[in-house]
Amino acid sequence: GLIDIQHMAAQAREFHFTSRLQARKIVDESQFSDIEVAGLTVSHGSKSSRIYIRCYDKRIERNAMNIFPHWVRLELQLRDENAVNFLDNSDLLGFKFSGVLKNYLLYRDPVKTDTNKRRWPVSRWWSNLLDDIDVISIASKKDLDYNRDRFDDFVFDHMHNVIKTAVLLYG
């Protein structure tokens, strides 16, 4: 009962959150069908990216409206080195899940006098969900091997026009 999917969707529609993920999407399935009870999905990130967060009403997906009073599912989908780094972390699964979630997404209550969302307080329902969990980063540092091939690629393929202009201007 910690997540009210309707409230979450309302906050997402108004962009009352901060996130490291670029995209947010809200899908109200009543827009696409004439079923009596329609599902609602709120997602952050891209399905093809290394991290994707999705929340939806599982009761509707499983047609279990009369069985469960509340069944909202929050998923964290990880790929590539993010998945490996998640698994390599020695914390318990619930702590890892919450710590990563807290690192990538925070729902916030707006403060009309402050345009910086990062200073807005975290919504009570979101902080109740994440409790006092520490933020966990699963990002990998990119180790670039700088060598002649990379240099040549950058200078001659990417900077060609800049260098040409500099030669024309300065000789």
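Everything below is about the structure shown above.
Residues numbered from 1 in each chain as written. Predicted model: local features only at pLDDT ≥ 70, side-chain atom pairs only at ≥ 80, totals over all residues. Heavy atoms only, no water.

> What is the right way to read unusual backbone geometry from this model?
For residues that are not glycine, phi is negative in most cases, and the peptide bond is trans in most cases. Although it is not a glycine, F15 sits at a positive phi angle of roughly 60 degrees. When you line up the elements, F15 lands in the loop between α1 (5-13) and β1 (17-19). The residue D80 is not glycine, and still its phi comes out positive at about 55 degrees. (Helix = DSSP H or I, 4+ residues; strand = E, 2+ residues; numbered from the N terminus.)

> It is not clear to me how the packing of helix α3 (residues 80-88) against helix α4 (residues 93-104) should be interpreted in this structure. Could you clarify?
For any two helices packed against each other, the geometry comes down to the angle between their axes and how far apart the axes lie. Running from N to C, α3 and α4 point in directions that differ by 135 degrees, and their axes come no closer than 10 Å. With respect to α4, the element α3 is oriented oblique. α4 is crossed by α3, and the crossing has right-handed handedness. The residues of α4 that touch α3, namely those facing N82, F86 and L87, are L93, K96, F97, V100 and Y104. Here the contact of α3 with α4 is composed, by residue class, of six nonpolar, one polar and one charged. (Axes fitted to C-alpha atoms, helices over the stretch in contact; angles between N-to-C directions. Parallel < 35°, antiparallel > 145°, perpendicular 65-115°, else oblique. Left-handed = near helix turned anticlockwise from the far one by under 90°. Contact = heavy atoms within 4.5 Å. Nonpolar A, V, L, I, M, F, W, Y, C, P; charged D, E, K, R; others polar.)

> For this particular structure, what's the right way to read the sheet that holds strand β5 (residues 72-78)?
Hydrogen bonds along the backbone pair up the strands of a sheet, which may run parallel or antiparallel. Read from one edge to the other, the open sheet built from four strands follows the order β2-β3-β4-β5, with strand pairing classed as antiparallel. Of all the strands in the sheet, just β2 (24-28) and β5 have a single pairing partner and so form its edges. The sheet shows a mean angle of 15 degrees between the axes of neighbouring strands, taken without regard to direction. As paired elements, β2 and strand β3 (residues 40-45) share five bridges and run antiparallel to each other. Residue pairing across strands places R24 opposite H44, the latter belonging to β3. Those strands touched by α1 are β2, β3, β4 (51-57) and β5, and its axis lies near 45 degrees from that of β3. (Pairing = 2+ DSSP bridges.)

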